[in-house]
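Observations on chain architecture
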Amino acid sequence: MRAYTFLLDVLKTAVNNQGLDWPEKAGIEPPRDKSHGDLASNAAMILGKKAGLPPRELAERVVKEVMQSGPMIARAEVAGPGFVNVFFSNIFWQQTIHAVQNQGQAYGRSQWGEGTKAQVEYVSANPTGPLHIGHGRGAAVGDSLARILRATGYEVSTEYYLNDAGRQMNLLGRSIWARYQQVKGIQAPLPEDGYKGEYILELARELCAEQGERLLAADEDEALRICRQWGVERILAGINSDLDMFRVEHQVWFSEQKLVQSGAVDKTLQDLQTSGLAYEQDGALWFASTRFGDDKDRVLRKSDGELTYFASDIAYHADKFTRGFDLCIDVWGADHHGYVPRMRAAVQALGRRADDLQVVLIQLVNLQRKGEQVAMSTRSGQFVTLSEVMREVGTDAARFIFLTRKSDSSLDMDLDLLKEQSMDNPVYYVQYAHARICSMLARAEERGVRAGRPTEEVISRLNTEEDLELLKMLERFPDTVQGAARTLSPHHISFYLLDLAGSLHRYYNRHPVLNCGDEDLAQARLQLMISVAQVVRNGLNLLGVSAPESM
RNA sequence: GGGCAAUUAGCUCAGUCGGAUAGAGCGCCAGCCUCCGGAGCUGGAGGCCGCAGGUUCGAAUCCUGCAUUGCCCA
C-alpha cells in the first residue's frame, strides 16, 4: 500500500477519534529535511482553532493514536508549530519490492483518470515543409503526455490536425511551380511570401524528373494544381517517416479540407449565429468571444467571404467534442499563446467548460553547436530539421532532452554536447543505470546465482540507509506519474528518473551485491536491483525512450 | 500602446493544492579502481529565490506595484 493513502487513513481515524473531521485543506507531504520523518502533516495546525486547542496539544493527541496503529509505522512525533512527523518502519518500505515485482510493467499505473476520454492533438504542422526541431519537441511532449495519461487510466486518442485547406497550400504549389520552371531554365520569380527553403528546389527537381516537360505544356492552373498536390503528398510522406523514426504515432489524421467540404464549418457558424454568439458587422462575421473573457470579438468570415483559421478551428473542436472527448489537450507552439483565450472562449460557446480544453505550450528550442547559436527560420530556409537532429544525436537523446524542461520554457540544445555521450547528456546517466543492473544480473547468472521469489525473509535484509533510500524512491513512482498526469508535465518523470539513477549509482559504489559475501543478503540486494531496473524501464517507457540492457 | 509568460548558485534548470535550515546537473577545488560496467561515486566552496510592499502561525510559491527579458496583438 502506498505511504500516502496508508497514512491518510491512519490520520483520518486519529482525527475522527478527537471528534473532528479531517480538513480538506490538510496536507500530507514528504518534508524536505529527512530528520522530519518520511511524511508530515499540518492537519493539527489547521484544526487547532476549530478544536479550541493549541495546535501542538492537538498534535500530541493525534501522535498517540498514530503510534498505536501497528507495525508499519515506527514512530510519530510533534514538531515545530504543530507538525505531525511520521516515520515508517523498514517493513513498510520493504513491501515495495512486492508491489513492483507483482505489478511489473504495470507498476506506476493507476485508475486516477478512469472514465475520462481524452484526446491529445499534437505536432499538426502544416504540410509545407519538413518537420523542424521545434515540432520535434512538441512531438516528444505530446507523445509522452499520451503515454502518461494512458498510464493513469485515461482513455486516450492521439491526433494530427492537417491544415491542408488554406492559402499556405496554394503558396506551396506556387513556390514549387516557380522552382520547376527555373529548373527548366525559365525566368520565374518566387512568390513574394513563398517558401524559399532548399527542399522546395529539391522537390521541383524530382518533379521535373518525374514529369519532364509535361507541366510546361499544361495550362497554368492545372500545373499549379499538380505542383500543389504533389508537393503536399511528398512532404506528408516525409513528415510521416520523420515521426516514425521519432517513434511517434498518431491514431487519427484529421483533414481540415475534409472538414470544410463536409459543411461542418458553415454549420458551426450558423449555430453560433442562431444562439446569438456570432453577428454580422462591416460585412464580416464576428464571434462574440468577449462574452467569455477574451479581449475582443474575433472575425470568423472576412468581408471578402474568406473563412479565417479560427472559424475552422472552432468547427474542428466542435467535432472533437461531438466525438465524445471529455478532455481535449492541444499541444501548440508558444508563439500561438495569444490564441488560447479565444479558443477557450469558443469551447465555452460550444457549451463546454473552458477547462475541457487544455493547451500545452511548447517554447522555442535554441539549437547550438559548440555553444554557438544556429539560426532557424522556415521562411529564409535556414533551419535544422528534426531528421537531421535525430541522425546526429539519436532518437533517445533527442526525446529525453526535450522532456527535461518544463515545456513552456525555452530550451538550449547543444548538438555537439549531446553527441559526446558525456555526463552533460542525462539520458545516458539514466540508461546506464539500467544497463548496469542488467549487466549485474547477467553476471549473477554466470555464477549460477538465481533470483528467486522475494520472500518476507529475503527482503527483510534490506536495512541500510541506501537500501531504504532506493525503496522509498521506488515507492514514490506511482505518485510521480500521477503528478505528471495532473499537471500535464512529462518532465516530472525525467527528473524522477535522474534521481533514481543517482541513487542506484550511489548504491552500486557503496554496497557490493553479488560480492557481499552472504548468499541471503546477495539475494535480497538482487531483488532490489531487479525492482529498480523495472521502474527505470517503466519510467523511460512513459517518455518513449528505450532502456537498453547494454550500451 | 495593450496582453501573455519568465526572472532561483558562475552556467543550464527543478521546486504546481503556501510548510520547518531552498535543491540537482555542469563548471571549480580535494579525494575514491585487487572488487558486480569509472559512461560511476564521495566531500567542499558557491544564494537578499529580480526589487518593494501586502495577506498569515508560516511565502521562492498567493495578491499589488515596479524593473529587466522574450513572445503575441494592433
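Refer to the structure presented above.
Calculation criteria
- Residues numbered from 1 in each chain as written.
- Chains lettered and ligands numbered in written order.
- Predicted model: local features only at pLDDT ≥ 70, side-chain atom pairs only at ≥ 80, totals over all residues.
- Heavy atoms only, no water.
- Helix = DSSP H or I, 4+ residues; strand = E, 2+ residues; numbered from the N terminus.
- Buried < 20%, exposed > 50% of the residue type's maximum accessible area, 1.4 Å probe, protein only.
- Lys, Arg positive; Asp, Glu negative; His and termini not counted.
- Salt bridge = Lys/Arg side-chain N within 4 Å of Asp/Glu carboxyl O.
- Polar contact = N/O pair within 3.5 Å; in protein donor to acceptor, adjacent residues only side chain to side chain.
- Contact = heavy atoms within 4.5 Å.
- Pairing = 2+ DSSP bridges.
- Axes fitted to C-alpha atoms, helices over the stretch in contact; angles between N-to-C directions.
- Core = buried A, V, L, I, M, F, W, Y, C linked by side-chain atoms within 4.5 Å.
- Expected span 1.5 Å × (residues − 1).
- Bend = angle between axes of the 7 residues up to and from the residue.

Points about the side chain of Asp-467
- Here Asp-467 lies in helix H19 (residues 465-486).
- For the buried Asp-467, no salt bridge exists, and the shortest N-O distance to an oppositely charged side chain is 4.7 Å, to Arg-525.
- Among the polar contacts listed, one links the side chain of Asp-467 to the side chain of Tyr-507, at a separation of 2.6 Å.
- Not counting the four nearest positions on each side in its chain, Asp-467 is found in contact with Arg-461, Leu-462, Tyr-507 and Leu-528.

Quick look at unusual backbone geometry
- Backbone geometry at Ser-124 places phi at a positive 45 degrees, although glycine is not the residue there.
- Counting through the fold element by element, Ser-124 comes out in the loop between strand E5 (117-121) and helix H5 (133-151).
- Backbone geometry at Arg-247 places phi at a positive 60 degrees, although glycine is not the residue there.
- In this fold, Arg-247 is placed in the loop between helix H9 (220-245) and strand E7 (252-255).

Some details on the pairing of strand E3 (residues 73-79)
- With 6 bridges connecting them, E3 and strand E4 (residues 83-88) associate as antiparallel partners. In the sheet register, Ala-79 faces E4, and the bridge partner there is Phe-83.

Topic: the sheet that holds E7
- Reading across from one edge, E7-E6-E5-E11-E12 is the order of the 5 strands in this open sheet, with parallel pairing throughout. Looking along the sheet, the strands with just one partner apiece sit at the ends: E7 and strand E12 (357-362). Neighbour-to-neighbour, the strand axes of this sheet turn through a mean angle of 25 degrees, independent of strand direction.
- Bridge count between strand E6 (residues 155-162) and E7: 4 bridges; the pairing is parallel. Bridged to Tyr-160 within E7 is Trp-253.

Thoughts on the pattern of salt bridges
- Counted according to the given criterion, the structure contains 26 salt bridges.
- In this structure, Lys-472 and Asp-38 form a salt bridge, with 2.7 Å as the shortest nitrogen-oxygen distance. Residue Lys-472 is found in helix H19, and its partner Asp-38 is found in the loop between strand E1 (28-29) and strand E2 (39-41); the two are separated by 434 residues along the sequence.
- Overall, Lys-472 belongs to the partly exposed group, its relative accessible area being 30%.
- The class of Asp-38 is buried, set by a relative accessible area of 15%.
- Here Asp-294 ties to Arg-298 by a salt bridge, and the two come within 2.8 Å at their closest N and O atoms. By the burial criterion, Asp-294 is buried, and Arg-298 matches it.

Overview of the nonpolar core
- Of all hydrophobic cores here, the largest spans 137 residues; its most connected members are Phe-88, Phe-402, Met-413 and Leu-528.
- The biggest single contributor to this core is helix H21 (residues 519-543), with 11 residues.
- Here Phe-88 is in contact with Ala-3, Phe-6, Leu-7, Asp-38, Leu-39, Met-72, Ile-73, Ala-74 and Trp-93, once residues within four sequence places are set aside.
- Within the second largest apolar cluster, 29 residues are counted, among which are Leu-300, Trp-332, Val-340 and Val-347.

What to know about H19
- With 22 residues, H19 should cover 32 Å at 1.5 Å per step; its first-to-last C-alpha distance of 31 Å lies within 8% of that length.
- Of all the bends in H19, the largest measures some 35 degrees and sits at Phe-477, one to four residues before the proline Pro-478.
- In terms of burial, H19 is largely enclosed, as 16 of its 22 residues are buried.
- Of the residues flanking the end of H19, it is Leu-488, one or two places downstream, whose phi is positive at about 50 degrees.

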